[in-house]
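Understanding the architecture of this molecule
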Amino acid sequence: MEFGAAARDLEHVQVHPTSFVNKSDPFATTNFLAPESLRGTGGILVNGEGRRFVNELAPRDVVTNAILKNGFSLGTLLAEAKNDQGAEDRKGAWLVLSSEMVDSFGAASAGFYASKGLFSRFGSVHEAVKELEELSLEGLEQTIEEYVFSWKSGNPDTFGKDYYPSAGTLKDTAEYWIALITPALHYSMGGLRISPSAEILRKNGESGSSFSAIPGLFGAGEVTGGMHGANRLAGNSLLECVVMGRIAGERASSVSLKQLPPLVINQWTESRVRSMDSNNYHGYQTTYLELPSALHEVSQHFYAEPLSCLRC
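These notes cover the structure that comes with them. (Residues numbered from 1 in each chain as written. Predicted model: local features only at pLDDT ≥ 70, side-chain atom pairs only at ≥ 80, totals over all residues. Heavy atoms only, no water.)

As for the layout of surface pockets
In this structure, the largest pocket encloses a volume near 360 Å³. Looking at the largest pocket, it is lined by 19 residues, and the ones nearest its centre are Ser19, Asn31, Pro183, Ala184 and Leu185. Broken down by secondary-structure element, the contributors of at least two residues to the lining of the largest pocket are β2 (13-20), α2 (60-70) and β7 (176-188). For the lining of the largest pocket, the element with the most residues is β7, which contributes five residues. Taken together, the residues of the lining of the largest pocket sort by class into eight nonpolar, eight polar and three charged. (1 Å grid on protein atoms, 1.4 Å probe; cavity = no way out; pocket = protein on both sides within 12 Å on 5 of 7 lines; lining within 4 Å. Points joined across faces, edges and corners; volume = space filled by probe spheres on them. Helix = DSSP H or I, 4+ residues; strand = E, 2+ residues; numbered from the N terminus. Nonpolar A, V, L, I, M, F, W, Y, C, P; charged D, E, K, R; others polar.)

Side note on the side chain of arginine 60
By the element assignment, arginine 60 lies in helix α2. Given the relative accessible area of 11%, arginine 60 is considered buried. There is a polar contact of 2.6 Å between the side chain of arginine 60 and the side chain of glutamate 36. Contacts of arginine 60, omitting those with residues within four sequence positions, involve Gln14, Val15, His16, Pro17, Glu36, His186, Arg232 and Ala234. (Buried < 20%, exposed > 50% of the residue type's maximum accessible area, 1.4 Å probe, protein only. Polar contact = N/O pair within 3.5 Å; in protein donor to acceptor, adjacent residues only side chain to side chain. Contact = heavy atoms within 4.5 Å.)

Some details on the side chain of asparagine 47
Take asparagine 47: it is sitting in the loop between β3 (44-46) and α2. At a separation of 3.0 Å, a polar atom in the side chain of asparagine 47 contacts the main-chain amide nitrogen of glutamate 49. The contact partners of asparagine 47, leaving out residues within four places of it in the chain, are Phe53, Asn70, Phe72, Trp94, Glu134 and Leu135.

Digging into the environment of histidine 126
Here histidine 126 lies in helix α6 (residues 125-131). Put simply, histidine 126 and glutamate 138 are twelve residues apart on the chain and 9.5 Å apart in space, counted from C-alpha to C-alpha.

Observations regarding the packing of aromatic side chains
With the rule as written, the count across this model stands at nine aromatic pairs. When the centroid spacing of 4.8 Å and the interplanar angle of 45° are considered together, the rings of phenylalanine 20 and tyrosine 113 count as tilted. Highlighted residues: phenylalanine 20 in strand β2 and tyrosine 113 in helix α5 (residues 107-115), separated in sequence by 93 residues. Under the relative-accessibility criterion, phenylalanine 20 is labelled buried at 1%. Owing to a relative accessible area of 12%, tyrosine 113 belongs among the buried residues under this scheme. Judged by centre distance (6.5 Å) and plane angle (70°), the ring pair of phenylalanine 32 and tyrosine 113 falls under edge-to-face. Here tyrosine 113 lies in helix α5 and phenylalanine 32 lies in the loop between β2 and α1 (36-40), a separation of 81 residues in the sequence. In this structure an aromatic cluster arises from ring pairing among Phe20, Phe32, Phe105, Phe112, Tyr113, Phe119 and Trp177. The ring of phenylalanine 211 is capped by arginine 193, whose NZ or CZ atom sits 4.2 Å from the centre of that ring. (Phe/Tyr/Trp six-rings, centres within 6.5 Å; stacked < 30°, edge-to-face > 60°. Lys NZ or Arg CZ within 6 Å of the ring centre and 35° of its normal.)

This is the structure:
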């Protein structure tokens, strides 16, 4: 930022709906993520009354808001571990899977989480409720009955869910896997403003209505902003990491090549001609031209705006 880099969208922060709560350190500032695929393979979310309150496959912000509205207080559930890290404000829910759902997710991965104390395993819902506080047996049994009924009917349920992976196994499974989860900060949509060529931009003047590239400074990944708008879809970080990472690498390597000899009239060399105007940077295209005498002709042919040329 000391080079004057401009930021954007810093107010847009994504909260992941499900991170594991480790009872040995329930208010840790960093948690293991409980992946979407746990819900994608059939896991359901229930509150302290054992009742579902959301379509588990809804977008992250929808599921997060539902947990914050309908979940129970972790500060109350884990009163003996309460500290000054905002325990009273944290909301939790139970993530419930059958052993068949766990197999679909990946037994090895689920076993890793269990080895960390993040999953508890029970032979029945009665056994689970006996050990877990803030979970109603009657509510959980009724929820499972209703969920299986919705699956058999083939119709959307109360929350609009119409896809029920492995739903039938919830009523009759050899083992229940149950985890305590809470929403957690996951990703920032905001960051440094970049050009289509991954150049970090700075404001032109005090008004900040236009931007220009900071020479030799490139960015890709979560340090940058503007790729995803206000809410990033899962998997879309490939765009900013892989696509923009490759562009940034190519551009950085092109400006860090060894010192080139001066341009000579009537000697052909590969150059990149870039369109520049006072408001925006539009990228570049590669062409061959006789430098420097051809610059004026190319400028007239390609663009109405003045051109700048980079050797590469």
